[in-house]
Amino acid sequence: MRLRDKVALVTGGGSGIGAASCYAFAREGARVAVANRTLAKAEAVVRAIKSEGGRAISIGADVSVGADVQHMIDTTVAELGVPDIVFNNAGISPSGRVTDISEAEWDECISIDLKSIFLTARCAIPLMIEKGGGVILNTAGTFGIRAARNKAAYSAAKAGVINLTRSIALDYAREDIRCNAICPGFVDTPLNANFPATARDAFLEQYQPLRGLIGAGDAAEMAVYLASDAANMITGQIFVLDGGQQAGLYA
Ligand SMILES: NC(=O)c1ccc[n+]([C@@H]2O[C@H](COP(=O)([O-])OP(=O)(O)OC[C@H]3O[C@@H](n4cnc5c(N)ncnc54)[C@H](O)[C@@H]3O)[C@@H](O)[C@H]2O)c1
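Along every chain, residues carry numbers that run from 1 in the direction the sequence is written. It should be noted that, the model being predicted, local features are given only for residues of pLDDT at least 70 and side-chain atom pairs only at 80 or more, the latter also being counted only at that level, while totals for whole chains, interfaces and linings use all residues. Just so you know, side-chain values use all the structure's heavy atoms and leave hydrogens and water out.

### A word on helix 5 (residues 152-172)
At step 1: Going along the chain from the N terminus, every DSSP run of H or I of four or more residues is numbered as a helix, and every run of E of two or more is numbered as a strand. A helix is expected to span 1.5 Å for every residue after the first. Over its 21 residues, helix 5 extends 30 Å from the first C-alpha to the last, a length consistent with the 30 Å expected when each residue adds 1.5 Å.
At step 2: Every buried residue of helix 5 is listed here: Ala153, Tyr154, Ser155, Ala157, Lys158, Val161, Ile162, Thr165, Ile168 and Ala169.
At step 3: The contact criterion used is simple: two residues touch if any of their non-hydrogen atoms lie within 4.5 Å. Buried residues belonging to helix 5 abut helix 4 (103-131), strand 5 (134-139), strand 6 (177-184) and strand 9 (238-241). Here the term buried applies to any residue with accessible area under 20% of the maximum for its type, exposed to any over 50%, and partly exposed to those in between, with areas from a 1.4 Å probe on protein chains only.

Okay, structure coming up:
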């Protein structure tokens, strides 16, 4: 029970890495607020947590909208208490070069993948300071370390997530708030559902040194560790989970 009596809020908690993290946090003793743009997905995760005897609530929120984020934090505080852990994980992964995408598509990706962390952090941090500290986790991605072709907005957003993680870590360390990022490579989640298996396998064969698929549970395990007191001297770091991709420039 590494998160006993903690309150955790997970965005994008209705699917993939977020859902796996909600289950893992609940199994480790946390009370979990499962936030998702599509409420039904969050409700399904809450039902599963409750069926295992855990405590969780669902919240419908679009993390790119300030009023939704305020509602998400207010609901968490009212129903579970001030969050000890905020996991900013919701994200989309659109494709396209700068000459292919519209201004609206650029704004949508930057708003959901990057601005959402600013919005959530500025609501949660004052409450965490009052409580005596807290943990903020962000999901970045290896495309934020080295850009990928045809992923201009996404690569830019995830690079922003990496340095925003460091900024928050530096700015609030003296208030006992830790902020770290999980940086996955290719994870087998619904986000990649339209990636045909043959193309996926060819990509992994070329770029991922370790064989096999990274699962959402692998990221959830990392999130539990970083959220727990075992990591209480770790902040401002980017934890790469990519089967070895980033170990070298060429696979
Ligand atoms: N799967 C991968 O290979 C991979 C690799 C690197 C980074 N990531 C990042 O991991 C995070 C989780 O992705 P995943 O693979 O679990 O994907 P997923 O699609 O399974 O889950 C993402 C969840 O976020 C929700 N969401 C999307 N936009 C939202 C919004 N505006 N407000 C609230 N919720 C919203 C979706 O409804 C969904 O439930 C994302 O930030 C993604 O960029 C994923």
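### Remarks on the packing of aromatic side chains
At step 1: Side-chain rings of Phe, Tyr and Trp (the six-membered ring for Trp) are treated as a pair once their centres are within 6.5 Å; stacked means planes under 30 degrees apart, edge-to-face means over 60, and tilted covers the remaining angles. In the structure shown here, the tally under the stated rule is six aromatic pairs.
At step 2: Look at Phe25 and Phe87: their rings are 6.4 Å apart centre to centre, the planes differ by 40 degrees, and that puts the pair in the tilted class. With Phe25 in helix 1 (residues 16-27) and Phe87 in strand 4 (residues 85-88), this residue pair connects regions lying 62 residues apart in the sequence. Grouping residues by exposure puts Phe25 and Phe87 together as buried.

### Some remarks on the layout of surface pockets
At step 1: Taken as a whole, the second largest pocket encloses approximately 330 Å³ of empty space.
At step 2: Cavities and pockets were defined on a 1 Å grid built over protein atoms only: a cavity is a set of grid points that admits a 1.4 Å probe from which the probe cannot escape, a pocket is an open set flanked by protein on both sides within 12 Å along at least five of seven lines, and lining residues are those with an atom within 4 Å of any such point. Lining the second largest pocket are 18 residues; nearest its centre among them are Gly133, Gly134, Val135, Asp176 and Arg178.
At step 3: Broken down by secondary-structure element, the contributors of at least two residues to the lining of the second largest pocket are strand 5 and strand 6.
At step 4: Considered class by class, the residues forming the lining of the second largest pocket number six nonpolar, six polar and six charged. Grid points are joined across faces, edges and corners, and a volume is the space filled by probe spheres set on the points. Polar here means any residue outside two lists: the nonpolar Ala, Val, Leu, Ile, Met, Phe, Trp, Tyr, Cys and Pro, and the charged Asp, Glu, Lys and Arg; Gly therefore counts as polar.

### Examining empty space enclosed by the protein
At step 1: Scanning all chains against the criterion turns up one cavity of 30 Å³ or more.
At step 2: Reported here for the largest cavity is a volume of approximately 30 Å³.
At step 3: Per element, the largest residue contribution to the lining of the largest cavity is three residues, and it comes from helix 4.
At step 4: Of the residues contributing to the lining of the largest cavity, the split by class is three nonpolar, five polar and no charged.

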